[in-house]
Amino acid sequence: MLLFEGFQSWGLLLLRVFLGIIFIYHGMPKLSMPKAIAKGMGWSSGSIVLLGLVELLSGLALILGFYTEIAALLIIIVMLGALWHKMFKWKIPFSAMDKMGWEFDLILLGAAIVLLFVGAGSISLDALFGLWP
């Protein structure tokens, strides 16, 4: 017996909203100042704009619960790339006092994997349009 039996869709809604907010927040600067971010990351401005669009649109899709599994998959790809860069290219530790380690990226990856496997829940556009069982 679960203490909050019957609240699973509310939990999924909260997870989607919180994760969506984070990705919208991180996508907006990539769209508003791609050259500065590209310079810092060593990428092209076009790649940064594409990454920002993926983060922004996936974040919106998660909040709305619209094509949630596709949005989650895109977020997973982004987070795998972020983890690879932090761990192997930039040699950032799991946790550090002077900079953000990759522990934050790992929990975002985990949240996206949950949404990929479980779906949006019944409080979503996916459910409204019959895209979620």
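This write-up is about the structure you can find in this document. Not measured: the values here are computed from a predicted model. (Residues numbered from 1 in each chain as written. Predicted model: local features only at pLDDT ≥ 70, side-chain atom pairs only at ≥ 80, totals over all residues. Heavy atoms only, no water.)

1. Observations regarding the nonpolar core
Counting 19 residues, the largest nonpolar core has Leu-19, Phe-23, Leu-62, Ile-75, Met-79 and Leu-115 as the members making the most contacts within it. Breaking this core down by element, the ones donating at least two residues are α1 (8–32), α3 (45–64), α4 (68–89) and α5 (103–118). With 7 residues, the single largest contributor to this core is α4. What Leu-115 contacts, discounting residues up to four positions off in sequence, is Leu-12, Leu-15, Arg-16, Leu-19, Leu-62, Thr-68, Glu-69 and Ala-72. (Core = buried A, V, L, I, M, F, W, Y, C linked by side-chain atoms within 4.5 Å. Buried < 20%, exposed > 50% of the residue type's maximum accessible area, 1.4 Å probe, protein only. Helix = DSSP H or I, 4+ residues; strand = E, 2+ residues; numbered from the N terminus. Contact = heavy atoms within 4.5 Å.)

2. A closer look at the packing of α3 against α4
Relative to each other, α3 and α4 sit at 145 degrees, their axes nearing to 9 Å. Judged by the twist between their axes, the crossing of α3 over α4 is left-handed. In this structure, α3 uses Leu-51, Val-54, Glu-55, Ser-58, Ala-61 and Leu-62 to contact α4, whose residues at the interface are Thr-68, Ala-71, Ala-72, Leu-74, Ile-75 and Val-78. Taken together, the residues of the contact of α3 with α4 break down into 9 nonpolar, 2 polar and 1 charged. (Axes fitted to C-alpha atoms, helices over the stretch in contact; angles between N-to-C directions. Left-handed = near helix turned anticlockwise from the far one by under 90°. Nonpolar A, V, L, I, M, F, W, Y, C, P; charged D, E, K, R; others polar.)

3. Comments concerning the packing of aromatic side chains
Applying the stated criterion across every chain, the model contains 4 aromatic pairs. Ring geometry for Phe-66 versus Tyr-67: centroids 4.7 Å apart, planes at 75 degrees, classification edge-to-face. Judged by relative accessible area, which is 32%, Phe-66 ranks as partly exposed. Exposure remark for Tyr-67: the relative accessible area of 41% places this residue in the partly exposed category. Put simply, the rings of Phe-66, Tyr-67 and Phe-129 pair up and form one aromatic cluster. (Phe/Tyr/Trp six-rings, centres within 6.5 Å; stacked < 30°, edge-to-face > 60°.)

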